[in-house]
Amino acid sequence: MARAAHSKDGKRKLDFDSWGDPQGHPVFLLHGTPGSHQGPRPRSMVLYQLGIRLIAYDRPGYGGSTRVPGRKVVDAAADVELIADFLELDNFSVVGRSGGGPHALACAARLSDRVSSAAVLVSLAPPDAEDLDDWFEGMTESNVREYRNARENLSLLQSTLVQNADAMRTNPMALLSDLDGEMPDVDRQVVADAGIRRMLHENFKTGIEVNADGWIDDAIAFSTPWGFDPKEIAVPTLLWHGEHDVFSPVEHFKWLAGRIDDATVVLQPSAAHFAAVPVLPEVLGWLRERARTDATKAPTA
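## Examining the nonpolar core
In this structure, Phe28, Ile83, Phe92 and Val94 are the most contacted members of the largest nonpolar core, which totals 51 residues. The residues touching phenylalanine 28, leaving out its near neighbours within four places in the chain, are Ile55, Val80, Ile83, Ala84, Leu89, Phe92, Ser93, Val94 and Val95. Core analysis: the next-biggest nonpolar cluster, separate from the first, contains 25 residues, Leu175, Leu176, Leu200 and Ala219 among them.

## Some remarks on helix α4 (residues 141-152)
Taking 1.5 Å per residue as the helical rise, α4 with its 12 residues ought to reach 16 Å, and the 16 Å between its terminal C-alpha atoms agrees with that figure. The inward-facing, buried residues of α4 abut α5 (154-170), α6 (174-179) and α9 (213-223).

## Some points on the side chain of serine 223
With respect to the helices and strands, serine 223 occurs in helix α9. We classify serine 223 as buried; its relative accessible area is 6%. If we skip the residues at most four places from it in the chain, serine 223 touches Pro127, Tyr147, Ala150 and Arg151.

## A few points about the sheet that holds strand β5 (residues 92-97)
The strand order across the open sheet built from eight strands is β1-β2-β4-β3-β5-β6-β7-β8, with neighbouring strands paired in mixed fashion. A strand with exactly one partner marks an edge of an open sheet, and here the two such strands are β1 (3-6) and β8 (264-268). Each adjacent strand pair in this sheet contributes to an overall mean axis angle of 20°, direction not counted. Across five bridges, strand β7 (residues 237-242) lies against β8 in parallel orientation. By the bridge assignment for β8, histidine 241 is matched with leucine 267. The strands touched by helix α3 (residues 100-110) are β3 (25-30), β5 and β6 (115-121); relative to β5, the strand with the most contacts, the crossing angle is about 155°.

## What about the packing of aromatic side chains?
A full pass over the atoms with the stated rule returns seven aromatic pairs. Chaining the aromatic ring pairs together yields one cluster made of Trp135, Phe136, Tyr147 and Phe222. Sitting above the plane of the phenylalanine 136 ring, arginine 148 keeps its charged end 4.1 Å from the centroid. Cation over ring: arginine 151 sits above tryptophan 135, and NZ or CZ is 4.9 Å from the ring centre.

## Re the environment of alanine 129
When you line up the elements, alanine 129 lands in the loop between β6 and α4. Taking the relative accessible area as the measure of exposure, alanine 129 reaches 10% and is therefore buried. Taking the C-alpha atoms as reference points, alanine 129 and tryptophan 255, separated by 126 residues in sequence, lie 7.8 Å from one another.

What counts as what
- Residues numbered from 1 in each chain as written.
- Predicted model: local features only at pLDDT ≥ 70, side-chain atom pairs only at ≥ 80, totals over all residues.
- Heavy atoms only, no water.
- Core = buried A, V, L, I, M, F, W, Y, C linked by side-chain atoms within 4.5 Å.
- Buried < 20%, exposed > 50% of the residue type's maximum accessible area, 1.4 Å probe, protein only.
- Contact = heavy atoms within 4.5 Å.
- Helix = DSSP H or I, 4+ residues; strand = E, 2+ residues; numbered from the N terminus.
- Expected span 1.5 Å × (residues − 1).
- Pairing = 2+ DSSP bridges.
- Axes fitted to C-alpha atoms, helices over the stretch in contact; angles between N-to-C directions.
- Phe/Tyr/Trp six-rings, centres within 6.5 Å; stacked < 30°, edge-to-face > 60°.
- Lys NZ or Arg CZ within 6 Å of the ring centre and 35° of its normal.

Printed below as a string of structure tokens:
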């Protein structure tokens, strides 16, 4: 059952949950778009084996979390810090998948005193990324429409996503059905897995259970300046991407790789967007090990 952390003024709350080893290394998992704290994750047994305490929350406007109109990507850092304070966690790692990627980058950039390692899977680059000639190149038509509407026609964005959310309340997997014609074969193979489909079903159902506010606000946040520069990131960071991704094109990954100093970079030639789901256990192991290495590093004179 989800728990809630409240802001100091009591005006808003963030719903979250945790799984795995309560004494393990804490990792915040930032969900995709649309999504919720119920997004795909490894089984608790796997998390115990990895020594991971996995924490996920509903971004504002999703699930049970209070909406914050006009929120920016950078605001995720304050949200994660609020929950970390509630749980009395001094240090932790972050991982963001798809729509969670930019938000994980924000945490790595703005919480460097508390984030011990970060991983970003199949993320977009900022809309104002220098030297990224065409932000939309290689992107599916549905994503292009959504992000163009977020920039140019907010009323159309809102009406479209409200209709999509209404359809998903009747059938939470309607989104995947709509995207099927745009997916590469490798993505279809991933989402055909019964376990992954079950987790995606619960993820979408929880995220848009009340309304489409979180989805709308995500689209706007991705399409406007994020409020930070990924170049600020100085913590150990893993960038993982599938070469055939058509939802977050590979040029976005390459831009981030060139912007973040000393990032560990993994480009899988036979993978696409949804391959970021089954690779998560391996990524969590990397986060734990890099956090351990960083924590035991001898101080320099």
